[in-house]
Amino acid sequence: MTTRTEGLAGGMDAIAPISRSTVRDAVRDALRDLIISGGVDTDVPLRQDELAARLNVSRTPLREALHGLASEGLVTIDPRRGAVVTKPTVKQLLDLYEIREQLEVYAGRKVVALADTTHIGEIAAINDRMAAVDDPVAWAQLNQQFHAAIYAPCANVELVALIGTLAARAKFYVRILVSSRPPALDAVHGHQEMLDALRAGDADAMEAAIRRHLRSTVEHVAPTLPE
């Protein structure tokens, strides 16, 4: 005799799970790009009804997206003022890039033994596109793609995921960097040094290139931020 519990279990196995994550993630990505592009003011309460209308979504995925961006440090949830775009400081920049440097150096040393010609060609193509892009949001997206792609062969998937999360949080600072073309071109040159080390299979050269590249961003962006 089939019990009610067994019948429910069998039925549940046949039902595909329902998830709102696609909508939530799309709203989060759109809102992140809006913040990065300077489309909303920092340290000013966000009008969620206006944002929902602007993004053509309901309030629920918008609230979920705001909490997601709060975990990235782009938004602060204030009990009295509601959600506000975080005003970045030099300390936040230094803390974030200190962690990025340690993780990316570790991943970079691992990946030099794993990269093949196809992988290197894909990364080089992204860097070539970056050299021709002026839009800060598009440039920041390509920069995130570059850093994700270069470490993709690494077998430590948790390490790669952490690097991706930090790169997403760094897009605000990357926008500041790309607002001035010479620093942005320096970043493209830094990417090229990483590519050269990858081609040579030289872990020490890769580590040095990553450190120079990330520290150069800090050097150019820090003077634009409040202490």
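Conventions adopted
- Residues numbered from 1 in each chain as written.
- Predicted model: local features only at pLDDT ≥ 70, side-chain atom pairs only at ≥ 80, totals over all residues.
- Heavy atoms only, no water.
- Pairing = 2+ DSSP bridges.
- Helix = DSSP H or I, 4+ residues; strand = E, 2+ residues; numbered from the N terminus.
- Expected span 1.5 Å × (residues − 1).
- Polar contact = N/O pair within 3.5 Å; in protein donor to acceptor, adjacent residues only side chain to side chain.
- Buried < 20%, exposed > 50% of the residue type's maximum accessible area, 1.4 Å probe, protein only.
- 1 Å grid on protein atoms, 1.4 Å probe; cavity = no way out; pocket = protein on both sides within 12 Å on 5 of 7 lines; lining within 4 Å.
- Points joined across faces, edges and corners; volume = space filled by probe spheres on them.
- Nonpolar A, V, L, I, M, F, W, Y, C, P; charged D, E, K, R; others polar.
- Contact = heavy atoms within 4.5 Å.
- Salt bridge = Lys/Arg side-chain N within 4 Å of Asp/Glu carboxyl O.
- pLDDT = per-residue confidence, 0-100.

Across 4 bridges, strand E1 (residues 75-78) lies against strand E2 (residues 82-85) in antiparallel orientation. Across the sheet, Ile77 pairs through a bridge with Ala83, a residue of E2. Adjacent in sequence and paired antiparallel, E1 and E2 are bridged by 3 residues.

Further remarks concern helix H8 (residues 157-169). Given 3.6 residues per helical turn, the α-helix brings residues three or four places apart onto the same face. Taking 1.5 Å per residue as the helical rise, H8 with its 13 residues ought to reach 18 Å, and the 19 Å between its terminal C-alpha atoms agrees with that figure. Looking at where H8 begins, the residue whose side-chain oxygen comes 3.3 Å from the main-chain nitrogen of Glu158 is Asn156.

To continue, consider unusual backbone geometry. Positioned with a positive phi, Asn56 is a non-glycine residue whose angle comes to about 60 degrees. Along the chain, Asn56 falls in the loop between helix H3 (48-55) and helix H4 (59-72). Judged by relative accessible area, Asn56 falls into the exposed class, the value being 70%.

Right, let's talk about empty space enclosed by the protein for a bit. Per the counting criterion, the structure on display carries 1 cavity of 30 Å³ or more. A volume near 50 Å³ is recorded for the largest cavity. Contributing to the lining of the largest cavity are Tyr97, Arg100, Asn143, His147, Val174, Leu177, Ala187, His213, Leu214 and Thr217. For the lining of the largest cavity, the elements supplying multiple residues, two or more each, are helix H5 (90-111), helix H7 (136-151), helix H9 (171-178) and helix H11 (203-221). Counting residues per element, the lining of the largest cavity draws most heavily on H11, at 3 residues. Residues belonging to the lining of the largest cavity are distributed by class as follows: 5 nonpolar, 4 polar and 1 charged.

Another aspect to go through is the environment of Leu34. Considering the arrangement of structural elements, one finds Leu34 in helix H2 (residues 21-36). Looking at Leu34, the relative accessible area reads 14%, which means it is buried. Separated by 103 residues in sequence, Leu34 and Val137 place their C-alpha atoms 8.6 Å apart. Among all residues touching Leu34, those that are not within four sequence positions of it are Gly39, Val40, Leu51 and Arg54.

Let us look at the environment of Ile210. Within the secondary structure, Ile210 sits in helix H11. Residues Ile210 and Arg100, spaced 110 residues apart in sequence, show a C-alpha to C-alpha distance of 9.8 Å. Discounting chain neighbours no more than four positions away, the residues touching Ile210 are Glu104, Val105, Gly108, Tyr151 and Met194.

A few words on the side chain of Gln48. Residue position: Gln48 is located in helix H3. Exposure remark for Gln48: the relative accessible area of 18% places this residue in the buried category.

Under the definition given, this model contains 15 salt bridges. Arg47 is the salt-bridge partner of Glu50, the closest N and O atoms lying 3.8 Å from each other. A residue is classified by how much of its surface remains accessible, and Glu50, at 48% relative accessible area, is partly exposed. For Glu207, the salt bridge goes to Arg211, with nearest N and O atoms at 3.0 Å. Taken together, the positions of Glu207 and Arg211, both in helix H11 and 4 residues apart, correspond to about one turn of that helix. What you see here is one network of salt bridges that share partners, running through Glu101, Arg109, Asp204, Glu207, Arg211 and Arg215.

Per-residue pLDDT for the chain averages 84, and the proportion of residues at 70 or more is 88%. Throughout residues 1-19 the model reports pLDDT below 50, and contacts reaching past four residues in sequence, or to other chains, amount to 2 contacts.

Approximately 210 Å³ is the volume found for the largest pocket. What lines the largest pocket is a set of 15 residues, and nearest its centre among them are Glu72, Gly73, Gln92, Arg169 and Tyr173. Looking at the lining of the largest pocket, the elements with two or more residues in it are H5, H8 and H9. Sorting elements by how many residues they give to the lining of the largest pocket places H5 first, with 4 residues. Among the residues forming the lining of the largest pocket, the class breakdown is 8 nonpolar, 3 polar and 4 charged. Residue lining of the second largest pocket: Gly39, Val40, Asp41, Val44, Pro45, Leu46, Arg47, Glu50, Leu51 and Arg54, and that is the complete set. Across the lining of the second largest pocket, the residue classes tally to 5 nonpolar, 1 polar and 4 charged.

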